[in-house]
Amino acid sequence: MFLPHLHRKAGYTLCRVCRHLSTRALAKPVGEYTNQPEYPPIQDLSFKEKKKREIANWHDKIKQLSTVEEKLFEINMPKFYGYKTHLITDQKFPYNVLPFAQYATRTHFIEDTLPESYTKLSEDSNKILETLRGELEDIIGFEHSVYTRPENNMSPEEREEIASSSLLKGLHRVLINHLSNQYAHLNELEEDLDPRHEAFWFLGGISPPALVRKIKEGVEWQKPYANDPYDRKLQYIGKPYLALRHKHPLEPLAHVSLDSLNLKEEQIEIPQFKYDPMTLGYQTEQRHATTIPGFWPGDLHEFGTISFQRRSHALLRHHYCAINDIQEALHSQAIFASYAWLIGQACYQGFSVFNDLTYPLTTQTVITNGKKWSFYAYQLNTTLLHSDQVDVNPRYNMCWGMKEMELFEHVDDSGKIHGLNESVLARLIAFYINTPKIREGINLKPYLCKTETRIANIVDENRRVFMEHAFKHQASNRPRHRLVPEIYQWEKLYKIDNKTRPMEPKRRPFELNINMYNRRMDEHALKYIPRRVRPDGPKSKPKFEATYYPNVRR
């Protein structure tokens, strides 16, 4: 075909373009044609629906990642400087916190009773107590009368925690030594002293703050979404006295399938607490999301059986709470501690706060100061609490709890115990003899790669070293070498409130309309490789080290 518009001038020459056509029939791909026409779904292009699809794609990416650490790291990817989280600790429980604890963990609480499965365990524990009573009394009498500790420069909370920890170690030693012959699972327990229990999750359904509502109302296209519920980020941080773990999980406490759980049942009560956690006094902190059940991924003993929690916060409660509601505070502590520990165990099985469980997890929680004891049993059935699921998720978690009981009335100087409550020791023994068992016919890790369940299994050395360093640094929550750029008071006064420096160069993030809190984890300068250490010579490429952030590889 001749192109007449190209002439021999100004460096152009005549050229001829040939188009080769073919009438050869192409092979029909299998399954390309159907009897009935199939059209792609029509998608809603509104802002809200597009945002939902983006979030759903992110949740699906987390589900398909290979290793436990990559799933946990991916949750932090949108925030280079961490999330603005509400800190929930095991040392602060404000007044009227129980409704919030139930709503924040989606927990149905059953008070003053334990599941039916403990009925048979209590019969066996009473028989065992008859043979162990003498030794247990000796431990209690020794710790509360004879043995003295230096108390210089120690607060009452520290003294209580030291005495309680020592008593628990003694009782634990006696029970393990005498019961391990009859109950083989006690020989396989892993013991954690003062472990690090942390968990992070998104809580939806919270009313938006006034500032967020005001900002949305000031933008025309965001006005319809000004009153939409808000996701709050919750970070639990706890340190129990002692935590016991086994390689097999405990049996479910409520023998019902997860699909049969229904919040519409009349006997199920979960309070609706739509208020911001700041109304109760929970402060916020900018930090990375950390979920750690007391051990690193790869430990064979990855299912918790019993955790012993502190209750030294009760000594300070009268300073900020005028009403004696210690019982509700203990119930809240047990709910938060149990839920957070099970969340960590679930994440190590490949689940997450966006990808729900396929089987229930259970644990047992004891709160004590040595004299007063509270016993709880908890079953985790769901982890979906963010805004898209908080009102439609039919599942709920369950907690059974007993009111606090005193182990004894007092101990005299000779070590003799007066008014020993044997039911406390019997319940403690029942918790120990509750035997973990293999879950037959259940895939415990359905969302993990079969060959790369954790970073240590990654074959590529560069990727393994990179992710190991990145995950451990993130879990440490050390501050960045360059902190978040802040707006100084003089800038707020002279540059924002009063535009008095128009000739000054605009270099600060707020002057360039950059929100530093939206910076992603992978938005940073790459590490330079010096010429002398480049593998293919000083002038070779690449000049920068490669990064191996989480990506779907299955």
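Residues numbered from 1 in each chain as written. Predicted model: local features only at pLDDT ≥ 70, side-chain atom pairs only at ≥ 80, totals over all residues. Heavy atoms only, no water.

Asks: Could you give an account of the overall build of the protein chain, naming the residues involved and the relevant values?
Replies: What the protein chain contains, in helices and strands, is 11 helices and 15 strands. Reported as C-alpha extents along the three principal axes, the dimensions of the protein chain are approximately 115 × 70 × 60 Å. A buried classification covers 46% of the 554 residues belonging to the protein chain. A separation of at least 24 residues holds for 79% of the contacts in the protein chain among residues at least 6 apart in sequence. Accessible area for the protein chain stands at about 30,900 Å²; split by element, carbon and sulfur atoms hold 52% of it. (Helix = DSSP H or I, 4+ residues; strand = E, 2+ residues; numbered from the N terminus. Buried < 20%, exposed > 50% of the residue type's maximum accessible area, 1.4 Å probe, protein only. Contact = heavy atoms within 4.5 Å. Areas by Shrake-Rupley, 256 points an atom, 1.4 Å probe, with all protein chains shown as cover.)

Asks: Please set out helix α3 (residues 98-105) residue by residue, giving values where relevant.
Replies: Among the eight residues in α3, seven count as buried, and that is most of the element. Turning to α3, its buried residues number three or more, namely L98, F100, A101, Q102, Y103, A104 and T105. One or two positions beyond α3, positive phi appears at R106, with a value near 55°.

Asks: Kindly report on the pattern of salt bridges, identifying the contributing residues and their values.
Replies: Taken as a whole and assessed by the stated rule, the structure comprises 29 salt bridges. Close ionic contact of E504 with K495 constitutes a salt bridge, the shortest N to O distance being 3.1 Å. Looking at E504, the relative accessible area reads 26%, which means it is partly exposed. Taken together, the shared-partner salt bridges in this structure form one network comprising K495, R501, E504 and E511. (Salt bridge = Lys/Arg side-chain N within 4 Å of Asp/Glu carboxyl O.)

Asks: Quick rundown of the side chain of R287? Include the residues and the values.
Replies: Looking at the secondary structure, you find R287 in strand β7 (residues 284-287). R287 gets classed as buried once you look at its relative accessible area, which sits at 8%. Among the polar contacts listed, one links the side chain of R287 to the side chain of T290, at a separation of 3.4 Å. With sequence-adjacent residues up to four places away left out, R287 is seen in contact with Y81, G82, Y83, T85, L87, E198, Q235, I237 and N477. (Polar contact = N/O pair within 3.5 Å; in protein donor to acceptor, adjacent residues only side chain to side chain.)

Asks: Describe the packing of helix α2 (residues 68-75) against helix α10 (residues 461-476), naming the residues involved and giving the relevant values.
Replies: α10 packs onto α2 with a crossing angle of 55° between their chain directions and a minimal axis gap of 10 Å. One way to sum up the angle between α2 and α10 is to call them oblique. Considering only the axes of α2 and α10, their crossing is left-handed. Judged by residue contacts, E69, E70, L72 and F73 of α2 engage R463, M467, A470, F471 and Q474 from α10. The residue inventory of the contact of α2 with α10, partitioned by class, reads five nonpolar, one polar and three charged. (Axes fitted to C-alpha atoms, helices over the stretch in contact; angles between N-to-C directions. Parallel < 35°, antiparallel > 145°, perpendicular 65-115°, else oblique. Left-handed = near helix turned anticlockwise from the far one by under 90°. Nonpolar A, V, L, I, M, F, W, Y, C, P; charged D, E, K, R; others polar.)

Asks: Describe the sheet that holds strand β5 (residues 230-238), with residues and values.
Replies: Pairing within the open sheet is mixed, and its five strands lie in the order β7-β1-β5-β4-β8. Each end of this open sheet is capped by a strand with a single partner; those strands are β7 and β8 (292-293). (Pairing = 2+ DSSP bridges.)

Asks: Residues and numbers for the packing of aromatic side chains, please.
Replies: This model, assessed by the stated rule, comprises 25 aromatic pairs. Judged by centre distance (5.2 Å) and plane angle (35°), the ring pair of F202 and F354 falls under tilted. Here F202 is found in strand β4 (residues 197-206), whereas its partner F354 is found in the loop between α8 (326-348) and β10 (361-368), with 152 residues between them in sequence. Under the relative-accessibility criterion, F202 is labelled buried at 8%. Within the aromatic cluster, the residues linked to one another by ring pairs are W58, Y83, F200, F202 and F354. Of note, R480 hangs over the ring of F80, and the distance from its end group to the ring centre comes to 4.1 Å. Here the basic side chain of R519 rests over the ring of F80, its NZ or CZ set 3.9 Å away from the ring centre. (Phe/Tyr/Trp six-rings, centres within 6.5 Å; stacked < 30°, edge-to-face > 60°. Lys NZ or Arg CZ within 6 Å of the ring centre and 35° of its normal.)

Asks: Which residues make up unusual backbone geometry, and what values go with them?
Replies: Look at the link from K541 to P542: it is a cis peptide, with omega at 5°. Inspection of the secondary structure assignment puts P542 in the segment after α11 (489-497). Unusually for a residue other than glycine, N96 sits at a positive phi of about 60°. Tracing the backbone through its elements, the reader meets N96 in the loop between β1 (83-89) and α3. One non-glycine residue, D112, lies in the positive phi region at around 65°.

Asks: Go over the pairing of strand β9 (residues 303-309), please, and point to the residues and values.
Replies: Across the seven residues that make up β9, a large majority, seven, are buried. Here β9 pairs with β10 via four bridges, running parallel. Each bridged residue has a counterpart across the sheet, and for S307 the counterpart in β10 is T365.

Asks: Explain the state of the cysteines residue by residue, including any values.
Replies: If you walk through the whole model with that rule in mind, you get zero disulfides. Cysteine C347 is unpaired, with the sulfur of C449 as its nearest cysteine sulfur at 18 Å. The exposure class of C347 is buried, given its relative accessible area of 5%. The structure places no disulfide on C399, whose sulfur is separated from the nearest cysteine sulfur, that of C347, by 20 Å. Residue C399 is classed as buried on the basis of its relative accessible area, which comes to 0%. (Disulfide = S-S within 2.5 Å.)

Asks: Account for the environment of R395, naming residues and giving values.
Replies: If you trace the backbone, R395 turns up in the loop between β11 (372-380) and β12 (397-401). Residue class for R395 comes out buried when judged on its relative accessible area of 13%. Put simply, R395 and L380 are 15 residues apart on the chain and 9.8 Å apart in space, counted from C-alpha to C-alpha. Within polar-contact distance, the side chain of R395 engages the backbone oxygen of L357 at 2.8 Å.

Asks: Tell me what's going on with the nonpolar core, and back it up with residues and numbers.
Replies: Core analysis: the largest hydrophobic core is formed by 70 residues, its most contacted members being F100, W201, F336, L361 and L380. Take this core: its biggest share by element is 14 residues, from α8. Among the nonpolar cores identified, the runner-up in size contains 51 residues, and L121, L179, F308 and V411 belong to it. (Core = buried A, V, L, I, M, F, W, Y, C linked by side-chain atoms within 4.5 Å.)

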